[in-house]
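Summary of structural features
Read off the chains here:
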Amino acid sequence: MNLVLLGPPGSGKGTLAKLLSSQLNIPHISTGDILREEAESGTSLGKKVKPFMEKGELVPDQTILEVMKERIRSSECQKGFLLDGFPRNFHQALELDDMLKNSTKSIDMVIKFDVSDDCVLKRLGGRLICSGCGADFNRYTKPPQKDLMCDFCGSQLYQRPDDAQEVILNRLKVYKEQAMPVEKYYNNQGKLRRINAELDPSLILKNVLNILQSKKE
Ligand code: AMP
């Protein structure tokens, strides 16, 4: 199955994608994770995209399309994939269809994560990541036992640079401007399904699995 998860930053797509990926046994392709890894490793791609990411702007289409063409063609994606963070604008959606057409594939379903701006600000503004094991915490909803220290490995917790308040607001603005036409595009094809993304992740997973099941029937 070829799936796209659509939704603003902080809508919980990443968390759900990990759960869904192991349930469906298809790879979770997160463009944000791929680019962050490149930026942290200081590769030439990473150096190119870092300034855009730090401001909450989209990286140039040509750059992300090259990355995704290679991924979609890889053997890992032969049985299907779960896209998280791509396509992010109308042009990317058209290019994705083109990439898939070459291998006689298409997008089966697009799940849109509905969430309020307030909820996003709380989720991302409070998010803390462990510098050692990568575990997630949240100042408001899932605080660590000791301030800024990981409960699991004791390493220092940090805030992602793009989770700063002004960057979150810009990421939301960019999302709304760029992703609306993508939503419309898939809605017109009858592929878009909406879910309430403010619920508990286990409930969201259940709802998404129900939606996928109803498509099969
Ligand atoms: P995310 O974790 O999905 O919010 O992505 C973090 C950052 O990576 C975004 O703010 C963009 O700078 C960049 N990015 C991720 N996916 C894309 C994409 N499909 N097109 C352009 N830039 C992207």
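Anything mentioned here points back to the structure above.
Residues numbered from 1 in each chain as written. Predicted model: local features only at pLDDT ≥ 70, side-chain atom pairs only at ≥ 80, totals over all residues. Heavy atoms only, no water.

Here we look at the overall build of the protein chain
Where we set the bar: We count a stretch as a helix when DSSP gives it H or I for four or more residues in a row; a strand needs E for two or more, and each element gets its number in order from the N terminus. Using a 1.4 Å probe on the protein chains alone, a residue whose accessible area is under 20% of its type maximum counts as buried, one over 50% counts as exposed, and one in between counts as partly exposed. We call two residues contacting when some pair of their heavy atoms lies within 4.5 Å. Under the convention used here, a 1.4 Å probe and the Shrake-Rupley method define accessible areas, while residue burial counts only the protein chains that appear. In this count, Lys and Arg are taken as positive residues and Asp and Glu as negative ones, while His and the chain termini are left out. Every charge is mapped onto a representative atom, which is NZ of Lys, CZ of Arg, CG of Asp or CD of Glu.
Looking only at helices and strands, the protein chain has 8 helices and 8 strands in total. With respect to the three principal axes, the spread of C-alpha positions in the protein chain is 50 × 40 × 35 Å. Taken across its 217 residues, the protein chain has 47% of its residues classed as buried. A separation of at least 24 residues holds for 69% of the contacts in the protein chain among residues at least 6 apart in sequence. Taken as a whole, the protein chain presents about 11500 Å² of accessible surface, with 49% of it coming from carbon and sulfur. Distance from the positive charge centre (32 side chains) to the negative charge centre (29 side chains) of the protein chain: 2 Å.

What about the sheet that holds strand β2 (residues 28-30)?
Put simply, the rule is: Two strands form a pair only when DSSP identifies at least two bridges running between them. For every element, the axis is a line fit to its C-alpha atoms; helices are fit only across the contacting stretch, and the angle between N-to-C directions ranges from 0 to 180 degrees.
Taken in spatial order, the 5 strands make up an open sheet running β2-β3-β1-β4-β8, and their pairing is parallel. Strands with a single pairing partner mark the edges of an open sheet, and in this sheet they are β2 and β8 (192-196). The sheet shows a mean angle of 25° between the axes of neighbouring strands, direction not considered. Here helix α7 (residues 165-188) sits on the sheet and contacts β1 (2-6), β4 (109-114) and β8; the angle it forms with β8, its principal contact strand, is near 125°.

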